[in-house]
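Examining the three-dimensional arrangement
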Amino acid sequence: MTEVTERRNFYGRIRGKTLRASQKTYLAEGLEPLSLPDVTREANPSRAAIDLAFTGGRPLWLEIGFGGGEHLVHMADRHRDRFLLGCEPFVNGIAMLLGKVREADLDNLAIHPGDVRDLFDVLPDGAAEKAFLNYPDPWPKARHHRRRFVTPGYLAGLARVMAKGGEFRVATDIPDYVRQTREEVPAAGFDLVSDGAEPWSDWLSTRYEQKALREGRPPHYLTFRKR
């Protein structure tokens, strides 16, 4: 558990296009049952470590920014002996995920609809066996690179909650994001395992990846191991 007293800036989008009626229903009916309690500062001002009983004893996998949720649902369905925890602050993406969850028969998935740093504060040390960062916001302007996930402020939290030997996967179509990932992630306590154009065997190509391919930006996949 990390003691945090300062307020953090959050720069990503929270809302996008107007939600459809069905998506509003998904949020009204499905968000609370799927959300972890005691993660926000309001619910857990002391930032006490949360109980991992919700995993049912299954190893925990974490997806940072699950977008529309297709990869998160795919991994939960494919790896039912693991528990998938997704974090996403973007309301439209959360609504899309909840729609997908309605169509799946899953008991191994939960979410935090907010800033992943709040989740890092309250997860126990070494809680996560695997983590995914798929097509994160590239923040392309140089003056905004400090807002990227692959920076010390975010990576320190990830490193603390990752188990020794745990796997961290990064997928991106932005060459400069690849550069920064190669530089920053090892410095945070990870070893580079693989780095190239070949996806993982259980990878599901997301809508963000398909958009990148249509626009001529080839995907890149990096795998790290927590030291």
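Read on for an overview of the structure.

So, how was this worked out
- Residues numbered from 1 in each chain as written.
- Predicted model: local features only at pLDDT ≥ 70, side-chain atom pairs only at ≥ 80, totals over all residues.
- Heavy atoms only, no water.
- Pairing = 2+ DSSP bridges.
- Helix = DSSP H or I, 4+ residues; strand = E, 2+ residues; numbered from the N terminus.
- Axes fitted to C-alpha atoms, helices over the stretch in contact; angles between N-to-C directions.
- Contact = heavy atoms within 4.5 Å.
- Salt bridge = Lys/Arg side-chain N within 4 Å of Asp/Glu carboxyl O.
- Buried < 20%, exposed > 50% of the residue type's maximum accessible area, 1.4 Å probe, protein only.
- Polar contact = N/O pair within 3.5 Å; in protein donor to acceptor, adjacent residues only side chain to side chain.
- Phe/Tyr/Trp six-rings, centres within 6.5 Å; stacked < 30°, edge-to-face > 60°.
- Lys NZ or Arg CZ within 6 Å of the ring centre and 35° of its normal.

On the basis of which strands lie adjacent, the open sheet formed by seven strands has the order S3-S2-S1-S4-S5-S7-S6 and mixed pairing. Strand pairing shows two members of the sheet lacking a second neighbour, strand S3 (109-112) and strand S6 (190-196), which therefore form its edges. The sheet shows a mean angle of 20° between the axes of neighbouring strands, taken without regard to direction. Judged from the four bridges that link them, strand S1 (residues 60-64) and strand S4 (residues 128-134) form a sheet pairing that is parallel. The partner of Leu60 across the bridge, within S4, is Ala128. Along the sheet, helix H2 (residues 70-78) makes contact with S1, strand S2 (83-87), S3, S4 and strand S5 (162-172), crossing S2 at roughly 170°. Helix H6 (residues 175-187) rests against S4, S5, S6 and strand S7 (220-226) of the sheet, and its axis sits at about 5° to S7.

Below, the discussion takes up the pattern of salt bridges. Scanning the model with the defined rule gives 21 salt bridges in all. The salt bridge partner of Asp115 is Arg117, with a shortest N-O separation of 2.7 Å. Both residues of the pair, Asp115 and Arg117, count as buried. With a shortest N-O distance of 2.9 Å, Asp202 and Arg169 are connected by a salt bridge. Placement of the pair is Asp202 in the loop between S6 and helix H7 (207-214) and Arg169 in strand S5, with a sequence separation of 33 residues. Take Asp202 and Arg169: they sit in the same class, and that class is buried. Salt bridges sharing common partners tie together Lys130, Glu167, Arg169, Asp202 and Arg225.

Turning to its location among the elements, Thr55 is positioned in the loop between helix H1 (21-34) and S1. Note on Thr55: relative accessible area 6%, which makes it buried. Here the side chain of Thr55 touches Leu52 through a polar contact of 2.9 Å, landing on its backbone oxygen.

Under the definition given, this model contains 10 aromatic pairs. Seen in terms of ring centroids, Trp200 and Tyr221 are 5.3 Å apart; in terms of plane orientation they differ by 75°. Their pairing is edge-to-face. In this pair, Trp200 is assigned in the loop between S6 and H7 and Tyr221 in strand S7, connecting sequence segments 21 residues apart. With respect to class, Trp200 is no different from Tyr221; both count as buried. Counting every residue linked through ring pairs, the aromatic cluster contains Phe120, Phe149, Tyr154, Phe168, Phe190 and Phe224. Above the plane of the ring of Trp61 lies Lys130, whose end atom (NZ or CZ) is 4.3 Å from the centre. Looking at Arg147, its charged tip hangs above the ring of Trp139, at a distance of 4.9 Å from the centre.

Take unusual backbone geometry next. With a phi angle near 60°, Arg47 is a residue other than glycine that sits in the positive phi range. The residue Arg47 is located in the loop between H1 and S1 in this model. With a phi angle near 40°, Trp139 is a residue other than glycine that sits in the positive phi range. Relative to the elements of secondary structure, Trp139 occurs in the loop between S4 and helix H5 (152-161).

Looking at where His71 falls in the secondary structure, it is placed in helix H2. What makes His71 buried here is its relative accessible area of 1%.

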